[in-house]
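Topology and contacts: notes
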Amino acid sequence: TPRQILWVVSSFTLAHSLTLALSAFGIVIVAQRPIEAAIAASIVLLAQETLTNKQSLSHRFPALVAFAFGLIHGLGFAGALSEIGLPEGSRLGALLLFNLGIELGQLLIVIAALVLAVAARRALRPHISDTALGRVSAIPAILIGGIASYWFIQRAAQILMPLLA
């Protein structure tokens, strides 16, 4: 429902804003490669969760899972922010604007995804069965999960290869 989506997005936003700020001000410092692997793994998990009706933690408490993943993603955003840096004289304002830009981008993606999903369902429903519609609806999760799996393997290999050499 729209209310549930709002709770999930807000939980993710709060969490990533927290870790982004803590990292940007040097309170929390984490190596980026493991964070990037964890981000990819979180996307793989969510893609898999959308393909099942099993009553898992993410189905029962989606806002809690979004909060946990938001903490990890915030550390990833902090890595991107550290590459461009914050101006010394206005670090707080720059951090706020950076975070607002991320939020705007996320909201646009969520809105676009919801509009596309509703439009696709309406366009396909008269032409195919509910079973076929369910299979077609799974395609985005499969594609996103596949790409995230590749990213996870790539980033995990970057972490493990120096240890094995």
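Notes on the structure follow. (Residues numbered from 1 in each chain as written. Predicted model: local features only at pLDDT ≥ 70, side-chain atom pairs only at ≥ 80, totals over all residues. Heavy atoms only, no water.)

Before going further, it helps to spend a moment on the overall build of the chain. A tally of helices and strands in the chain yields six helices and zero strands. Secondary structure elements in the chain, listed N-terminal to C-terminal, are α-α-α-α-α-α. The 165 residues of the chain split such that 26% are buried. A fraction of 81% describes how many contacts in the chain between residues 6 or more apart in sequence connect residues 24 or more apart. Put simply, the chain shows about 10,900 Å² of open surface, and 73% of that area lies on carbon and sulfur atoms. (Helix = DSSP H or I, 4+ residues; strand = E, 2+ residues; numbered from the N terminus. Buried < 20%, exposed > 50% of the residue type's maximum accessible area, 1.4 Å probe, protein only. Contact = heavy atoms within 4.5 Å. Areas by Shrake-Rupley, 256 points an atom, 1.4 Å probe, with all protein chains shown as cover.)

Before going further, it helps to spend a moment on the packing of helix H2 (residues 32-50) against helix H4 (residues 62-84). A pair of packed helices can be characterised by two numbers: the angle between their axes and the separation between those axes. Orientation of H2 relative to H4, taken along the N-to-C sense of each, is 145°, at an axis distance of 9 Å. Helix-helix and strand crossings are classified by hand; for H2 and H4 the assignment is left-handed. Mapping the contact onto sequence places Gln32, Ile35, Ala38, Ile39, Ser42, Ile43, Leu45 and Leu46 in H2 and Val65, Phe69, Ile72, His73, Leu75, Gly76 and Gly79 in H4. (Axes fitted to C-alpha atoms, helices over the stretch in contact; angles between N-to-C directions. Left-handed = near helix turned anticlockwise from the far one by under 90°.)

On to helix H6 (residues 130-164), then. Across its 35 residues, H6 extends 49 Å between first and last C-alpha, which sits within 8% of the 51 Å expected from 1.5 Å per residue. Of all the bends in H6, the largest measures some 30° and sits at Gln158, one to four residues before the proline Pro162. Among the residues making up H6, those that are buried are Leu133, Ala138, Ala141, Gly145, Ala148 and Ala156. As for H6, its buried residues are in contact with H2 and helix H5 (91-124). (Expected span 1.5 Å × (residues − 1). Bend = angle between axes of the 7 residues up to and from the residue.)

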